[in-house]
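Chain and residue survey
What follows is the residue order along each chain.
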Amino acid sequence: MAQDLDGPAPHAPGGPAPHAPDRPTPPAPDRPAAHAPDRPTQLHHGPLDPLGPLDPLGPLDPLDLLDQLATWGPTETPVGTFHLVPVHVERDLPIINRWMNDPAVAAFWQLAGSRAQTEEHLHAQLAGDGRSVPCLGRLDGTPMSYWEIYRADLDPLARHYPARPHDTGVHLLIGDAANRGRGLGSALLRAVADLVLDHRPACARVVAEPELRNTPSVAAFLGAGFRYAAEVDLPAKRSALMIRDRSLRHLM
């Protein structure tokens, strides 16, 4: 794969940069970078979320929305032991902020700036209802990637494709340039998609929306067993809708 991708687009590095992450869609709209990350689509907040409250009868237990992601534990991959660990802001803010200020990442995630800005992005998820969980990816114990695992069916992204209940989205950013372009993106995306499918029995599909121009990111998803389902226009970008189906996980 031409560069390690990384990052989810809108929930999505630079034109295509070297496997920078794809940033997610916006909380206001967001975007991502060349295997730099594709910036995410919208940030998933609670009360301000345009999709409205999840449960009219009262707040939901955050543990229910992503099936206790913090308890999933490490998994073996072809590139080493990988562990998805929910972000602890005081511990992880410096490294995440440094990654966000890498030009290749910033081109897609658009989160370059002060630590306060990065902290705000993280707290918007951590203070929400649990529909989006920011995580560090540790490979053989070393932090090397940033992830956002989110409920795509409860995200503004759901307005732009035929979402199904419990669809789970991923955004990925590989932090250091030395780790990009080595095939890590595909290996880790496959591992994380498998973790989601193993620990979320109600989830039939893992989805992502890397920006179309982030070709390393799209290639990484294809290498991880995702299929190219459609092109979608999101608030801040035109994206490739990538889907990994539970029913095809052992065939792709």
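Small disclaimer: the values here were computed from a predicted structure and weren't measured.

**Concerning the overall build of the protein chain**
The helix and strand inventory of the protein chain stands at six helices and 10 strands. Considering the protein chain as a whole, with its 252 residues, one finds that 58% of them fall into the buried category.

**What to know about the confidence of the model for the protein chain**
The predicted model of the protein chain averages 82 in pLDDT, with 75% of residues at 70 or higher. Counting contacts from residues 1–37, a segment whose pLDDT is below 50, to residues more than four positions away or on other chains yields 340 contacts. Low pLDDT, under 50, characterises residues 42–60; the stretch is placed with 47 contacts to residues that sit more than four places away or in other chains.

**Quick word on the packing of aromatic side chains**
This structure, assessed with the given rule, holds three aromatic pairs. Centroid distance F221 to F226: 5.0 Å. Interplanar angle 85 degrees. Geometry classified as edge-to-face. Across this residue pair, the class does not change: F221 and F226 are buried.

**Things to note about the pairing of strand β4 (residues 80–86)**
Here strand β3 (residues 75–77) runs beside β4; their pairing, made up of three bridges, is antiparallel. Of the residues in β4, the one forming a bridge with T75 is F82. Between β3 and β4, which pair antiparallel in sequence order, lie two residues. Here β4 pairs with strand β5 (residues 132–139) via five bridges, running antiparallel. Counted as the bridge partner of F82 is L139 from β5.

**Focus on the side chain of N179**
In this fold, N179 is placed in the loop between β7 (168–174) and α5 (184–199). Side chain to side chain, N179 and R182 meet in a polar contact 2.8 Å long.

**Considerations on the pattern of salt bridges**
This model, assessed by the stated rule, comprises 15 salt bridges. A salt bridge links D176 to R98, with the nearest nitrogen and oxygen atoms 3.0 Å apart. Taken together, the residues D176 in the loop between β7 and α5 and R98 in helix α2 (residues 89–100) connect sequence positions 78 residues apart. The exposure class assigned to D176 is partly exposed, which follows from its relative accessible area of 26%.

**Here we look at the nonpolar core**
Where a protein is soluble and globular, its nonpolar side chains tend to be buried together. Residues F82, L84, W147, I149, V170 and L189 are the most contacted members of the largest nonpolar core, which totals 32 residues. Taken together, the elements giving at least two residues each to this core come down to β4, β5, β6 (142–151), β7, α5, β8 (205–208), α6 (215–223) and β10 (237–245). Ranked by residues supplied to this core, first place goes to α5 with eight residues. Grouped together as the second largest cluster of nonpolar side chains are 14 residues, V89, M100, L111 and Y146 included.

**What to know about helix α4 (residues 115–126)**
A turn of α-helix holds 3.6 residues, and therefore any two residues three or four places apart point the same way. For α4, which comprises 12 residues, the first-to-last C-alpha distance of 16 Å matches the rise-based estimate of 16 Å (1.5 Å per residue) to within 8%. Of the positions making up α4, those classed as buried are T118, H121, L122, A124 and Q125. All buried residues of α4 project into a common sector of 155 degrees when viewed along the axis, lining one side. Exposed positions of α4 whose direction lies more than 90 degrees from the buried face are A116 and E120. Where α4 is buried, its residues meet α2, β5 and β6.

**Notes on the environment of F221**
Within the element layout of this structure, F221 appears in helix α6. Remark: the alpha-carbon pair of F221 and P210, spanning 11 residues in sequence, is separated by 8.8 Å.

**A short note on the side chain of S239**
Mapped onto the elements of the fold, S239 is located in strand β10. Within the structure, the side chain of S239 is placed 3.2 Å from the backbone oxygen of E209, a separation counted as a polar contact.

**What about the packing of α2 against α4?**
Two quantities define a packed helix pair, namely the angle between the axes and the distance from one axis to the other. As a packed pair, α2 and α4 sit with axes 10 Å apart at the nearest point and diverge in direction by 125 degrees. As judged from the angle between their axes, α2 and α4 are oblique. Along this stretch, α2 crosses α4, giving a crossing that reads as right-handed. Seen from α2, the contacting residues are V89, L93, P94, I96 and N97; seen from α4, they are R115, T118, E119, L122, H123 and L126. For the contact of α2 with α4, the residue count by class is six nonpolar, three polar and two charged.

**A word on the pairing of β10**
With respect to burial, β10 is a largely interior element, eight of its nine residues being buried. Note: β8 against β10, four bridges, orientation antiparallel. In the strand pairing of β10, V207 is matched with I243. Alignment of strand β9 (residues 227–234) against β10, held across seven bridges, turns out to be antiparallel. Within β10, the residue paired with E231 across the bridge is A240.

Quick notes on the rules
Residues numbered from 1 in each chain as written. Predicted model: local features only at pLDDT ≥ 70, side-chain atom pairs only at ≥ 80, totals over all residues. Heavy atoms only, no water. Helix = DSSP H or I, 4+ residues; strand = E, 2+ residues; numbered from the N terminus. Buried < 20%, exposed > 50% of the residue type's maximum accessible area, 1.4 Å probe, protein only. pLDDT = per-residue confidence, 0-100. Contact = heavy atoms within 4.5 Å. Phe/Tyr/Trp six-rings, centres within 6.5 Å; stacked < 30°, edge-to-face > 60°. Pairing = 2+ DSSP bridges. Polar contact = N/O pair within 3.5 Å; in protein donor to acceptor, adjacent residues only side chain to side chain. Salt bridge = Lys/Arg side-chain N within 4 Å of Asp/Glu carboxyl O. Core = buried A, V, L, I, M, F, W, Y, C linked by side-chain atoms within 4.5 Å. Expected span 1.5 Å × (residues − 1). Arc of directions from axis to C-beta. Axes fitted to C-alpha atoms, helices over the stretch in contact; angles between N-to-C directions. Parallel < 35°, antiparallel > 145°, perpendicular 65-115°, else oblique. Left-handed = near helix turned anticlockwise from the far one by under 90°. Nonpolar A, V, L, I, M, F, W, Y, C, P; charged D, E, K, R; others polar.

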